[in-house]
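Listed below, chain by chain, are the residues.
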Amino acid sequence: MAAPAYPAWVTRWVSGQWRNKKRPPRLRPPRMLALADKVANRREQATDATCITEMSVMMACWKQNDFNDAPCAQEIRIFYDCVAKAEKERKNQDENTLSSRGNLPSSKVNKLLGRFPQITRYV
């Protein structure tokens, strides 16, 4: 396995060849390095708009019939069936699966961080 290729300045900095061979400044973090107990809730993937064509057909029917529901009952039923099917598919998606990039969703990460909190002080 090949070693990672770092830029030249990293090699000089690590080896001590920094500003006329002086040691590099010591890096001190402003606070203790530890994971937070939760992450921000973010939407993992953009959801696609569903049932757009059915909705546009239903609205066109309404417009033709002066927004009367009786003549457009078939279009309304088709739209509601599409919405119910899309909602069922969305609920069937397992939350435990990895996203397309291979990352855990934020809700799963928060669950794991809640089960294993960071110890910031020693007893």
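Residues numbered from 1 in each chain as written. Predicted model: local features only at pLDDT ≥ 70, side-chain atom pairs only at ≥ 80, totals over all residues. Heavy atoms only, no water.

## Observations regarding the packing of aromatic side chains
Phase 1 of the analysis: Summed over the entire model, instances satisfying the criterion amount to one aromatic pair.
Phase 2 of the analysis: When the centroid spacing of 5.8 Å and the interplanar angle of 50° are considered together, the rings of Phe79 and Tyr80 count as tilted. (Phe/Tyr/Trp six-rings, centres within 6.5 Å; stacked < 30°, edge-to-face > 60°.)

## So, the state of the cysteines
Phase 1 of the analysis: Counted by the stated rule, this structure contains two disulfides.
Phase 2 of the analysis: Here Cys51 engages in a disulfide with Cys82; their sulfurs sit 2.0 Å apart. Looking along the S-S bond of the Cys51-Cys82 disulfide, the torsion reads about -95°, which is the left-handed sense. Taken as a pair, Cys51 in the loop between helix 1 (8-15) and helix 2 (52-64) and Cys82 in helix 3 (residues 73-92) lie far apart in primary sequence, 31 residues in all.
Phase 3 of the analysis: Given a relative accessible area of 7%, Cys51 falls into the buried group.
Phase 4 of the analysis: Residue Cys61 pairs covalently with Cys72 via a disulfide, S to S 2.1 Å. Its S-S torsion of approximately -95° makes the covalent link between Cys61 and Cys72 left-handed. Residue Cys61 is found in helix 2, and its partner Cys72 is found in the loop between helix 2 and helix 3; the two are separated by 11 residues along the sequence. Side by side, Cys61 and Cys72 carry an identical accessibility label, which is buried.
Phase 5 of the analysis: Counting only the cysteines that take part in disulfides, in the order they occur along the chain, gives the pairing 1-4, 2-3. (Disulfide = S-S within 2.5 Å. Helix = DSSP H or I, 4+ residues; strand = E, 2+ residues; numbered from the N terminus. Buried < 20%, exposed > 50% of the residue type's maximum accessible area, 1.4 Å probe, protein only.)

## Observations regarding the nonpolar core
Phase 1 of the analysis: Cys51, Met58, Cys61, Cys72, Ile76, Phe79 and Cys82 form the largest nonpolar core, which has seven residues in total.
Phase 2 of the analysis: At the level of secondary structure, the elements contributing two or more residues to this core comprise helix 2 and helix 3.
Phase 3 of the analysis: Leave out the neighbours within four places in its chain, and Phe79 touches Cys51, Glu54, Met55 and Met58. (Core = buried A, V, L, I, M, F, W, Y, C linked by side-chain atoms within 4.5 Å. Contact = heavy atoms within 4.5 Å.)

Don't take any of this as a statement about function, it's just geometry.
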